[in-house]
Amino acid sequence: MFSKKSSRSSVATVTAQPTIISRDQHTVSRKQISSNALKVLYRLNTGGYKAYLVGGGVRDILMGTAPKDFDIATDATPEQIKALFRNCRLIGRRFRLAHIVFGRDIIEVATFRGHHQNASEKEQSCQKTSKQNDEGMLLRDNIYGSIEEDAERRDFTINALYYSAIDFTVHDFANGLADIAAKKIRLIGDPETRYREDPVRMLRAIRFATKLDMTISEETKAPIKPLAPLMESIPAARLFEEFLKLFISGKAVANFEQLCEYNLFKYFFPALDEMLNEGQHEFVSDFIQLSMSNTDKRINNDQRVTPAFLFAAMLWYPLQQQIQTVKASAQLSPQDAFFEALGTIMSRQQQSISIPKRFQAVMKDIWILQERLARRDGKRAYKAFEHPKFRAGYDFLLLRAQIEETQGSADNKGSLTELAKWWTDFQNVSIEAQQQMIKTVAVNRSGTSSRRSPRKRRKPSAKPAANTSSDA
Ligand code: ATP
Ligand code: MG
């Protein structure tokens, strides 16, 4: 089953005998490993099991960066792990894992994965441990094996490095160290088969390339475009998780560009992708890039971000387009047209990425605030200002102003910039000055011909009030 070490240009394979790098030959020190991860490694070892730090925990330290989390691989089964740790939770169906919980810190422990053809007939026939669909996609992957088999089941060579807390050695099964040095993302095994087993690996290749500033090797890169349609089979809940890793990571712009390059972006946001490809909405692409670069900046400055903001940005123009479609086909009030378009856009989006309800509520608030921030007379300005999502709505307005300023029609060009400036000033002046600002708005409004006459006011809509607060 195992072959000699791969030549660098062909498919990467796992060796039966890993290269073992002693402590004085590598840079992984216990100081860089979280004390909780070390506790788990020691407890498994003293319990008589093999246990290694693996994946990003080893890779990132070797590359000189702090790991995002620590993953452990062991020969103990999930039940044996559970018996060792009181703070253990078993999770996952497709991929059964143990979570060792230390308050907010979770150490993920996975039992060594084995090959499907090695599963006993009983295991195969009951299909509880392993299952593939007709396209070769792994629906379940719970067959346990040796450490060598585990290495072979990992995605990239740089992720198949194992660190032992017994003798502090690093075990390199697939020439991962050489690929770290060469800055290459290389799949283990036949790339097409590996992508068919799990199409998320296409996203992971891109994510690691941008995160680690590496290039994807030719044979790992080649099948991505042709196999892009496999993305259809990724469950919407999993795609949400991948969305977070790609876009709430400080590398959103780079990942967006790469996903577009490989035709993968449309599986995240089909309606937006259609607009981007229509070619007549350049500002849409500018808006998306700007919202992503803002998100990246915030993350890189340790500022808080909510995925809801980015979702609201991604779907803002598809929503505007849908509102126009709705208005053209039915005589609806602006509010009714908004809610109908919102329903259509959201239900289409949910088929790709399942956005949790709490984020959907914030997106809706941000969108509704765009209308409410424009109407500032009387008590409206304060009502908008006191809205729990005012800040997000205001930030969104600033973003729109930056883009729309350059592409609005002659009579509305600059009006969003003025509106955004008004709100910036409003937040920075005394209450007396705020009241003066509101009065000025009212005077200006009454002086404009666009003011709606009170007699022509729409009947109140039966839809819920626009200022529903979010639960996020
Ligand atoms: P990071 O945590 O920084 O995103 P990571 O490499 O640790 O990177 P995880 O998603 O935490 O990634 O997974 C831990 C390890 O599990 C990976 O390094 C890889 O060896 C293995 N792995 C994760 N997802 C897959 C997959 N889809 N196919 C094969 N192996 C995988
Ligand atoms: Mg990890």
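Details of the structure are given in the entry above.
Residues numbered from 1 in each chain as written. Chains lettered and ligands numbered in written order. Predicted model: local features only at pLDDT ≥ 70, side-chain atom pairs only at ≥ 80, totals over all residues. Heavy atoms only, no water.

**Structural notes on the side chain of Arg400**
Looking at the secondary structure, you find Arg400 in helix α19 (residues 390-404). Take Arg400: its relative accessible area is 10%, and that puts it in the buried class. Contacts of Arg400, omitting those with residues within four sequence positions, involve Phe287, Trp316, Gln370, Glu405 and Leu416. (Helix = DSSP H or I, 4+ residues; strand = E, 2+ residues; numbered from the N terminus. Buried < 20%, exposed > 50% of the residue type's maximum accessible area, 1.4 Å probe, protein only. Contact = heavy atoms within 4.5 Å.)

**Focus on the coordination of the magnesium ion (ligand 2)**
Around the magnesium ion (ligand 2), the protein contributes the donor atoms Asp69 (OD) and Asp71 (OD), at 2.1 to 2.4 Å from the metal centre. Owing to a relative accessible area of 22%, Asp71 belongs among the partly exposed residues under this scheme. (Donors = N, O, S within 2.8 Å, 3.2 Å for Na, K, Ca; no water.)

**What to know about the environment of His99**
Within the fold, His99 resides in strand β5 (residues 97-102). The contacts of His99, once residues within four sequence positions are left out, are Asn87, Cys88, Arg89, Ile91, Ile106, Ile107 and Glu108.

**Focus: the sheet that holds strand β10 (residues 170-172)**
Taken in spatial order, the eight strands line up as β1-β10-β9-β2-β3-β6-β5-β4 in an open sheet, and their pairing is mixed. Either end of the sheet is taken by a strand with one partner, and the two such strands are β1 (19-21) and β4 (88-91). Pairs of neighbouring strands in the sheet enclose a mean axial angle of 30 degrees, with direction left out of account. Relative to β10, β1 runs antiparallel, the two sharing three bridges. Across the sheet, residue Ile21 finds its bridge partner in β10, namely Val170. Against the sheet, helix α1 (residues 35-46) engages β2 (51-54), β3 (71-74), β5 and β6 (105-111), with an angle of about 35 degrees to β6. (Pairing = 2+ DSSP bridges. Axes fitted to C-alpha atoms, helices over the stretch in contact; angles between N-to-C directions.)

**Observations regarding the packing of helix α17 (residues 357-374) against α19**
In a pair of packed helices, the angle between the axes and the distance between the axes together describe the arrangement. Packing of α17 against α19 leaves a shortest axis separation of 9 Å and a crossing angle of 75 degrees. By the criterion of interaxial angle, the relationship of α17 to α19 is roughly perpendicular. For the pair formed by α17 and α19, the contact residues are Ile366, Trp367, Leu369, Gln370 and Leu373 on the first element and Phe390, Ala392, Gly393, Tyr394, Phe396, Leu397 and Arg400 on the second. Partitioning the contact of α17 with α19 into residue classes produces nine nonpolar, two polar and one charged. (Parallel < 35°, antiparallel > 145°, perpendicular 65-115°, else oblique. Nonpolar A, V, L, I, M, F, W, Y, C, P; charged D, E, K, R; others polar.)

**Details of unusual backbone geometry**
Of note, Asn175 is a non-glycine position whose phi angle comes to about 60 degrees, a positive value. Locating Asn175 in the fold gives a position in the loop between β10 and α6 (176-182).

**Details of the site of ligand 1**
Residues in contact with ligand 1 amount to 17 residues; listed here are only the nearest, Arg59, Asp198, Arg201, Arg207 and Lys211. Take Arg59: an N or O atom from its side chain is 2.7 Å from an oxygen atom of ligand 1. Here Asp198 contributes a side-chain N or O atom positioned 2.8 Å from a nitrogen atom of ligand 1. Against a free-state accessible area of 580 Å², the protein chains account for coverage of 86% of ligand 1. In terms of residue count, the dominant contributor to the shell around ligand 1 is helix α8 (residues 200-212) (five residues). Class assignment for the residues of the shell around ligand 1 results in one nonpolar, three polar and 13 charged. (Near = heavy atom within 4 Å. Polar contact = N/O pair within 3.5 Å; in protein donor to acceptor, adjacent residues only side chain to side chain. Areas by Shrake-Rupley, 256 points an atom, 1.4 Å probe, with all protein chains shown as cover.)

**Some details on the pattern of salt bridges**
What the rule picks out here adds up to 21 salt bridges. Residues Lys211 and Asp60 are paired through a salt bridge, measuring 3.5 Å at the closest nitrogen-oxygen approach. Taken together, the positions of Lys211 in helix α8 and Asp60 in helix α2 (residues 56-62) put the pair 151 residues apart, joining distant regions of the chain. For Lys211, a relative accessible area of 32% puts it in the partly exposed group. Close ionic contact of Arg204 with Asp155 constitutes a salt bridge, the shortest N to O distance being 2.6 Å. Here Arg204 is found in helix α8, whereas its partner Asp155 is found in the loop between α5 (147-153) and β9 (161-164), with 49 residues between them in sequence. (Salt bridge = Lys/Arg side-chain N within 4 Å of Asp/Glu carboxyl O.)

**A word on helix α15 (residues 307-329)**
With 23 residues, α15 should reach 33 Å at 1.5 Å per residue; the first-to-last C-alpha distance of 32 Å fits that figure. Remark: the principal bend of α15, roughly 40 degrees, maps to Trp316, with a proline, Pro318, within the next four residues. (Expected span 1.5 Å × (residues − 1). Bend = angle between axes of the 7 residues up to and from the residue.)

**A short note on the packing of helix α14 (residues 282-300) against α19**
Two elements in contact, α14 and α19, have axes separated by 10 Å at closest approach and are oriented at 135 degrees. In terms of orientation, α14 and α19 fall into the oblique class. The two elements α14 and α19 meet at a crossing, and its hand is right-handed. Packed against α14, whose contacting residues are Phe283, Asp286, Phe287, Leu290, Ser291, Asn294 and Arg298, the element α19 presents Asp395, Phe396, Leu399, Arg400, Gln402 and Ile403 at the interface. Of the residues belonging to the contact of α14 with α19, the class tally is six nonpolar, three polar and four charged. (Left-handed = near helix turned anticlockwise from the far one by under 90°.)

**Some details on the packing of aromatic side chains**
Tallied over the full model, the rule gives 27 aromatic pairs. A ring pair is formed by Phe243 and Phe311, whose centres lie 4.3 Å apart and whose planes are at 20 degrees; its orientation type is stacked. Of this pair, Phe243 sits in helix α11 (residues 236-247) while Phe311 sits in helix α15, and the two are 68 residues apart along the sequence. In this structure, Phe243 and Phe311 share a single accessibility class: buried. An angle of 75 degrees between the planes, with centres 5.6 Å apart, marks the rings of Phe309 and Phe396 as edge-to-face. (Phe/Tyr/Trp six-rings, centres within 6.5 Å; stacked < 30°, edge-to-face > 60°.)

Nothing here speaks to function; it is geometry throughout.
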